[in-house]
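Commentary on secondary and tertiary structure
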Amino acid sequence: MENKYLKLKEEPIKKLLLEFSLPAILGMLVNALYNIVDRIYIGNIHEIGKAAITGVGVTFPVMILSLAFALLIGLGGSTNISLFLGKGDIKKSEKYLGSMCLLSIIVGIILSFLTIYFMNSYIEILGASPDTKQFAMEYLEIVAYGFPIFILGYSLNSAVRSDGNPKIAMITLLLGAITNIILDPILIFGLNLGVKGAAIATISSQFVSTLWTFFYFISRYSGIKLHFKNIKTDFTTFKSIITIGTGPFILQIASSFITFLFNSTFKVFGGDIQIGAMTIVNSINSMILMPIFGINQGLQPILGFNYGAKHYSRVKEAFYLAIKGATIISILGFTLVHIASVPIIRIFTTDPELLSATKTGIKLFTLMLPFIGFQSVATIYFQAVGKHRMTTFLSLIRQIIFLVPLIIGLSRVWGAIGVWIAVPCSDFLSVIVTAILTKKEIKNLKKLELKKN
């Protein structure tokens, strides 16, 4: 068992980061692709495509909310697993694995119930118009039933990476993506189910991914095992998972609120066209950011294990390498979006009005993209080493403290254009704050290293 985790503390950092990040990057790209494929198919449904893609876009705050709970449990639990594996405590890691499973199911069931029960009450508040409400409800009602499976699958896959098997984690995402890509055209067009078909394809793919990870942890290939005795209520373990996962959770909750704020503000200043444009921009932007999230996922177990083992020089080296890789990806994404925006947008829609609004929006939305890689990696660093308060703070400054007043203020001055401009302005301010805090943390790492020596 020791040999399984030996590479985390002895293998060269560059090789280790590539080994962990490349499968995660590929998996995240495919994962983003299958979400985007949904929107491409939906946007091209004959006659109703423009209204349908806007309707699905209206549901994003709820979808992001489900991801927030998945991150809360998945990253909170997997960080604890990495830290205890670094300390050589396998039994404690297995205890966290069992607690993650139970907590995921409980939270997923509650979220499904609340979403379905109150759907009629809040779907219009989210920004649905009479033309798009039907499609929003058709999609969300079906997807909501899959929340327990989605949260459990995401949590288990995070634990797979902490267990030192990034390739298995990648295969998990590939299985889900391939299932969704195959089912989408069959259900949407072949069986003429439209938006409902896309929703059924989504929850089916999530079920396949979750089943795969479950069998991994009861197989001989995993280092830590999923034991039935560990799937029990343990409030101390729950508290530790929630405490460390709070930062990413708040980031996603903030993202859900921001998406709602975008939709409601655009409803006033631009209508369904601007909401549809934001749906497409989010899809393209997520495709660019997924490789960065893949680096973060590969980085998290390396940072957590080595920080727990007090190998601070390796922590610092991995952090610097991840920043370099994320920055390169950010710059390449920025260049692609600003050179080839129209051909990319045409994949989602050929409607002239929607295409024009999306083109303007994406160029403004991504103005600070070259610096987002650094900000993202810095946030995951604090989360991986257990500094949840700093993660929470960095999450809040970008998504709430800066962005909310900017959206409200600039929209009053420049209308829809002001909403788009608010994003790079918020990114600029948050990058400055992140740089200051990161510089301070690097000094702290050096002190810890000197103290150890």
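So, how was this worked out
Residues numbered from 1 in each chain as written. Predicted model: local features only at pLDDT ≥ 70, side-chain atom pairs only at ≥ 80, totals over all residues. Heavy atoms only, no water. Helix = DSSP H or I, 4+ residues; strand = E, 2+ residues; numbered from the N terminus. Rg over C-alpha atoms; globule rule 2.2 N^0.38 Å. Buried < 20%, exposed > 50% of the residue type's maximum accessible area, 1.4 Å probe, protein only. Contact = heavy atoms within 4.5 Å. Lys, Arg positive; Asp, Glu negative; His and termini not counted. Charge placed at Lys NZ, Arg CZ, Asp CG, Glu CD. Salt bridge = Lys/Arg side-chain N within 4 Å of Asp/Glu carboxyl O. Polar contact = N/O pair within 3.5 Å; in protein donor to acceptor, adjacent residues only side chain to side chain. Axes fitted to C-alpha atoms, helices over the stretch in contact; angles between N-to-C directions. Parallel < 35°, antiparallel > 145°, perpendicular 65-115°, else oblique. Nonpolar A, V, L, I, M, F, W, Y, C, P; charged D, E, K, R; others polar. 1 Å grid on protein atoms, 1.4 Å probe; cavity = no way out; pocket = protein on both sides within 12 Å on 5 of 7 lines; lining within 4 Å. Points joined across faces, edges and corners; volume = space filled by probe spheres on them. Core = buried A, V, L, I, M, F, W, Y, C linked by side-chain atoms within 4.5 Å. Patch = residues over 30% accessible without salt bridge, like charges linked within 9 Å, V, L, I, M, F, W, Y side chains within 5 Å. Areas by Shrake-Rupley, 256 points an atom, 1.4 Å probe, with all protein chains shown as cover. pLDDT = per-residue confidence, 0-100. Phe/Tyr/Trp six-rings, centres within 6.5 Å; stacked < 30°, edge-to-face > 60°.

Section: the overall build of the protein chain
If you tally the helices and strands in the protein chain, you get 19 helices and zero strands. Here the protein chain has a C-alpha radius of gyration of 21 Å; the compact-globule value for 453 residues is 22 Å, and the two agree. Projected onto its principal axes, the C-alpha positions of the protein chain cover 65 × 45 × 35 Å. When the 453 residues of the protein chain are sorted by exposure, 60% land in the buried category. Considering only residue pairs separated by 6 or more positions, the protein chain has 82% of its internal contacts joining residues 24 or more positions apart. Averaged over its 39 positive side-chain charges, the protein chain has a centre that lies 12 Å from the centre of its 22 negative ones.

As for the pattern of salt bridges
Enumeration according to the criterion identifies one salt bridge in this entry. A salt bridge links K316 to E449; its shortest N-O distance comes to 3.8 Å. Of this pair, K316 sits in helix α13 (residues 312-339) while E449 is found in helix α19 (residues 416-452), placing the two residues 133 residues apart along the sequence. Judged by relative accessible area, which is 17%, K316 ranks as buried.

Here we look at the side chain of T79
Here T79 lies in helix α4 (residues 60-86). Separated by 2.7 Å, the side chain of T79 and the backbone oxygen of L75 make a polar contact. Dropping the residues within four chain positions of it, T79 is found in contact with I244, Q300, Q383 and A384.

Here's the deal with the packing of helix α11 (residues 235-269) against helix α12 (residues 272-308)
In the contact formed by α11 and α12, the axes pass within 7 Å of each other and the chain directions differ by 150 degrees. Judged by the inter-axis angle, α11 sits roughly antiparallel to α12. Along the contact surface, α11 presents F262, N263, F266 and K267, while α12 presents Q274, I275 and M278. Considered class by class, the residues forming the contact of α11 with α12 number four nonpolar, two polar and one charged.

What to know about the environment of S411
Considering the arrangement of structural elements, one finds S411 in helix α18 (residues 403-414). We classify S411 as buried; its relative accessible area is 1%. In this structure, the C-alpha to C-alpha distance between S411 and S155, residues 256 residues apart in sequence, is 38 Å. Among residues more than four places away in sequence, those in contact with S411 are T265, F269, L406, G418 and V419. At 3.0 Å, the side chain of S411 and the backbone oxygen of I408 are in polar contact.

Some remarks on the layout of surface pockets
Size it by volume and the largest pocket reaches roughly 240 Å³. In terms of lining, the largest pocket is formed by 15 residues, of which the most central are I284, M287, I288, L336 and I344. Counting only elements with at least two residues in the lining of the largest pocket, the list comes to α2 (13-43), α12 and α13. Take the lining of the largest pocket: its biggest share by element is five residues, from α12. For the lining of the largest pocket, a count of residues per class yields 13 nonpolar, two polar and no charged.

Concerning the nonpolar core
Membership of the largest hydrophobic core comes to 134 residues, with the highest contact counts inside it found for F217, I284 and Y381. The dominant element in this core, judged by the number of residues it contributes, is α12, at 16 residues. Apart from residues no more than four positions distant in its own chain, F217 is found in contact with L97, L156, A159, V160, D163, S222, I224, K225 and L226.

Details of a positive patch on the surface
There is a patch of like positive charges on the surface, built from K439, K440, K443, K446 and K447. Its place among the elements puts K446 in helix α19. For K446, a relative accessible area of 43% translates into the label partly exposed.

Some points on the confidence of the model for the protein chain
On average, residues of the protein chain score 85 in pLDDT, and 97% of them reach the 70 mark or higher. For the protein chain, the element scoring lowest by mean pLDDT is helix α1 (residues 2-10), at 62; α18 scores highest, at 93.

So, the environment of K196
Summarising the element assignment, K196 is placed in helix α10 (residues 195-217). Using a relative accessible area of 38% as the deciding quantity, one classes K196 as partly exposed. Sequence spacing of K196 and L140 is 56 residues, and the spatial spacing of their C-alpha atoms is 8.9 Å. Non-local contacts of K196, meaning those with residues more than four positions away in its chain, are made with E138 and I142.

Brief notes about unusual backbone geometry
With phi around 55 degrees, N192 is a residue other than glycine that occupies positive phi space. In this fold, N192 is placed in the loop between α9 (166-190) and α10.

Observations regarding the packing of aromatic side chains
Applying the stated rule across the entire model yields 17 aromatic pairs. Taken together, a centroid distance of 6.3 Å and an interplanar angle of 75 degrees make the contact between F365 and W420 edge-to-face. Of this pair, F365 sits in helix α15 (residues 352-365) while W420 sits in helix α19, and the two are 55 residues apart along the sequence. Neither F365 nor W420 differs from the other in exposure class; each is buried. Both rings, one in Y381 and one in F382, keep their centres 5.2 Å apart while their planes meet at 75 degrees; by these two values the pair is edge-to-face.

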